[in-house]
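As a plain string of letters, each chain reads:
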Amino acid sequence: MVEGIKMTHSVDISGDRMAMWRLKDAAEKAKLELLSSNQTSIDIPYLTMDGDGVLVDATREFPRSEFEELTKPLFGRITELCLNCLDAADGLNLWGIYLLRLLTETVRSQPWQAEIS
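No experiment lies behind these values; they were computed from the predicted model shown. (Residues numbered from 1 in each chain as written. Predicted model: local features only at pLDDT ≥ 70, side-chain atom pairs only at ≥ 80, totals over all residues. Heavy atoms only, no water.)

Asker: What exactly am I supposed to notice about the overall build of the protein chain here?
Answerer: Looking only at helices and strands, the protein chain features five helices and two strands. Tracing the protein chain from N to C terminus, the helices and strands come up as α-α-β-β-α-α-α. Each of the 117 residues in the protein chain was classed as buried or not, and the buried ones make up 26%. Counting contacts in the protein chain only where the partners sit at least 6 residues apart, residues at least 24 apart contribute 43% of the total. Carbon and sulfur atoms make up 56% of the accessible area of the protein chain, which amounts to about 8300 Å² in all. (Helix = DSSP H or I, 4+ residues; strand = E, 2+ residues; numbered from the N terminus. Buried < 20%, exposed > 50% of the residue type's maximum accessible area, 1.4 Å probe, protein only. Contact = heavy atoms within 4.5 Å. Areas by Shrake-Rupley, 256 points an atom, 1.4 Å probe, with all protein chains shown as cover.)

Structure follows, in structure tokens:
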């Protein structure tokens, strides 16, 4: 979204701590909304000001498929490590992973679960 704002409004918010905090907060809320829906929207009014003093709003539709694409490399990196841990841990099985997921509240691990099943 930072790049999108930069391209659309010619404003770089990466150095604006308050704008980045608001963007991160909105992204966390969107991530949680994607648990129960296929799409969400991120809408942050008055995120920052551009060079002319005009207020900049950030609005974007965010589908679950895009979220899964963004997180796919992360799941890919941990899959091999988790499989090695399962091999090394006697008595831990897929049920243990599900339980661990419930305890740690890992979001959207279905693609990872499908890969190791």
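Having seen the structure, we can now continue with the description.
Asker: For this particular structure, what's the right way to read the pairing of strand β2 (residues 55-63)?
Answerer: Moving residue by residue along a regular strand, the side chains alternate between the two faces of the sheet. As paired elements, strand β1 (residues 39-49) and β2 share eight bridges and run antiparallel to each other. Across the sheet, the residue bridging to M49 is L55, located in β2. Taking the residues that link successive antiparallel strands as the turn, the β1-β2 hairpin has five residues, and the phi of G53 there is positive, at about 85 degrees. (Pairing = 2+ DSSP bridges.)

Asker: Just to check I follow, could you spell out helix α3 (residues 64-88) for this structure?
Answerer: A turn of α-helix holds 3.6 residues, and therefore any two residues three or four places apart point the same way. With 25 residues, α3 ought to run about 36 Å at 1.5 Å a step, and its terminal C-alpha atoms sit 34 Å apart, in line with that. The largest bend along α3 measures about 40 degrees and falls at T71, with the proline P73 one to four residues further on. (Expected span 1.5 Å × (residues − 1). Bend = angle between axes of the 7 residues up to and from the residue.)

Asker: Where do I start with the pattern of salt bridges in this structure?
Answerer: One pass over the structure, following the stated rule, counts three salt bridges. The shortest N-O distance in the salt bridge between D25 and K29 comes to 3.5 Å. One end of the pair is D25 and the other is K29, both in helix α2 (residues 17-33) and four residues apart, which spans about a single turn. For D25, a relative accessible area of 32% gives the class partly exposed. (Salt bridge = Lys/Arg side-chain N within 4 Å of Asp/Glu carboxyl O.)

Asker: Any chance you could explain α2 here in plain terms?
Answerer: Helix length check: α2 (17 residues) gives 24 Å between terminal C-alpha atoms against 24 Å at 1.5 Å per residue, within 8%. Turning to α2, its buried residues are A19, L23, A26 and A30. Summarising the axial view, the buried residues of α2 lie within an arc of 65 degrees, below the 170-degree limit, and thus occupy one face. In α2, the exposed residues that point more than 90 degrees away from the buried face are R17, M18, W21 and K24. In this structure, the buried side of α2 is in contact with α1 (2-9) and β1. For α2, the N-terminal cap is D16; the gap from its side-chain oxygen to the backbone nitrogen of M18 is 3.2 Å. (Arc of directions from axis to C-beta. Polar contact = N/O pair within 3.5 Å; in protein donor to acceptor, adjacent residues only side chain to side chain.)

Asker: Looking at this structure, I do not really get unusual backbone geometry. What am I missing?
Answerer: Peptide bonds are, in most cases, trans, and in most cases residues other than glycine have a negative phi. The backbone of S10 sits at a positive phi, close to 55 degrees, despite the residue not being glycine. Unlike most non-glycine residues, Y46 shows phi in positive territory, near 55 degrees. Locating Y46 in the fold gives a position in strand β1.

Asker: Would you mind going over the nonpolar core with me for this structure?
Answerer: For soluble globular proteins, the rule of thumb is that nonpolar side chains tend to be buried together. In this structure, I5, I13, L23, I42, I44, L47 and A58 are the most contacted members of the largest nonpolar core, which totals 13 residues. Mapped onto this core, the elements with two or more residues apiece are α1, α2, β1 and β2. In contact with I44, not counting residues within four places along its chain, are R22, L23, A26, V56, D57 and A58. (Core = buried A, V, L, I, M, F, W, Y, C linked by side-chain atoms within 4.5 Å.)

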